[in-house]
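Survey of secondary and tertiary structure
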Amino acid sequence: PNLDGLRRFLREAWPAIRAACPGIRLTVLGGDESKAIVATDPLLRQPDVTVLGHREDVPQLLDRAALTVNPLQGIRGSAVKLIESLSAGRICVSTHDGARGFADRGSTALVCVADVAAMATPVVELLRDDARRRAREAPDAALLEPYQWDRCAERQRQLYRSLVATTP
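Quick summary incoming for the structure in this document. The shown structure was predicted, so the numbers you read here are calculated from the model rather than taken from an experiment.

Scoring rules and cut-offs
Residues numbered from 1 in each chain as written. Predicted model: local features only at pLDDT ≥ 70, side-chain atom pairs only at ≥ 80, totals over all residues. Heavy atoms only, no water. Buried < 20%, exposed > 50% of the residue type's maximum accessible area, 1.4 Å probe, protein only. Helix = DSSP H or I, 4+ residues; strand = E, 2+ residues; numbered from the N terminus. Arc of directions from axis to C-beta. 1 Å grid on protein atoms, 1.4 Å probe; cavity = no way out; pocket = protein on both sides within 12 Å on 5 of 7 lines; lining within 4 Å. Points joined across faces, edges and corners; volume = space filled by probe spheres on them. Nonpolar A, V, L, I, M, F, W, Y, C, P; charged D, E, K, R; others polar. Core = buried A, V, L, I, M, F, W, Y, C linked by side-chain atoms within 4.5 Å. Contact = heavy atoms within 4.5 Å. Right-handed = clockwise from strand over helix to strand, strands pointing away. Pairing = 2+ DSSP bridges. Axes fitted to C-alpha atoms, helices over the stretch in contact; angles between N-to-C directions.

Of all the positions in helix α5 (residues 80-87), only L82, I83, S85 and L86 are classed as buried. Take α5 and look down its axis: the buried residues cluster within an arc of 160 degrees, on one side only. Downstream of α5 by a residue or two, G89 has a phi angle that is positive, lying close to 80 degrees.

Tracing the backbone through its elements, the reader meets G53 in the loop between β2 (49-52) and α4 (58-64). As for G53 and A36, which are separated by 17 residues in sequence, their C-alpha atoms are 9.9 Å apart.

Volume-wise, the largest pocket comes out at about 1,500 Å³. Secondary-structure elements contributing two or more residues to the lining of the largest pocket are α1 (4-12), α2 (14-20), β1 (26-29), α3 (34-39), α4, β3 (68-70), α5 and α7 (120-128). Ranked by the residues each element gives to the lining of the largest pocket, the list is headed by α5, at five residues. The class makeup of the residues in the lining of the largest pocket is 30 nonpolar, 13 polar and six charged.

Now for the nonpolar core. With 27 residues, the main nonpolar core has F9, W14 and I17 as its most contacted residues. Only α1, α2, β1, α3, β5 (110-113) and α7 provide two or more residues apiece to this core. Per-element accounting of this core gives the leading share, five residues, to α7. Leaving out residues up to four positions away in the same chain, I17 has contacts with F9, I24, A120, V123, V124 and L127.

Let's shift gears to unusual backbone geometry. The phi dihedral of D48 is positive, around 70 degrees, even though this residue is not glycine. Residue position: D48 is located in the loop between α3 and β2.

The next thing to look at is the pairing of β1. The side-chain alternation of β1 yields one buried face, formed by L26 and V28, and one unburied face, formed by T27 and L29. Where the polypeptide runs from β1 across α3 and back to β2, its parallel neighbour, the crossover connection is right-handed.

Here we take up the sheet that holds β3. Taken together, three strands build an open sheet; the order of strands is β3-β4-β5 and the sheet is parallel. For this open sheet the edge positions go to β3 and β5, each flanked by a neighbour on one side alone. Recorded for the sheet is a direction-independent mean angle of 20 degrees between the axes of neighbouring strands. As paired strands, strand β4 (residues 92-95) and β5 are joined by four bridges and run parallel to one another.

Here you go:
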């Protein structure tokens, strides 16, 4: 997996966040290979940082989170984790690259910054102001509807039907 953004976050933003918000903890949702990666990387084993392997209880973890971060740069592809976070009613502080075209959709729960180092300021501000954070995090159903699994599955069904209908 590409952990460059996470490592940069832990070097460039996390120290300022920890200093400003004592007792804060970071939980990283990793993949199946996370345990082996953590074993070889002291940056991922620091106090108050927990890297989890593949999970089925992501909705429960998001429910317990104050907010989420998406420190990706130079990446392409879908923004599934970002959409999961916003759908769960969590603010997501993301790099512009991490938002991958979602930044211009008008979500009040998405905070975009230029780079990983710039994530510290909005994260600290949002953690220190519960009322402000909660006021911004309500999911926008109309904005998120096109990205929900049911909607995506329906588009795939339509595509498959059209392919089957045109196959001799």
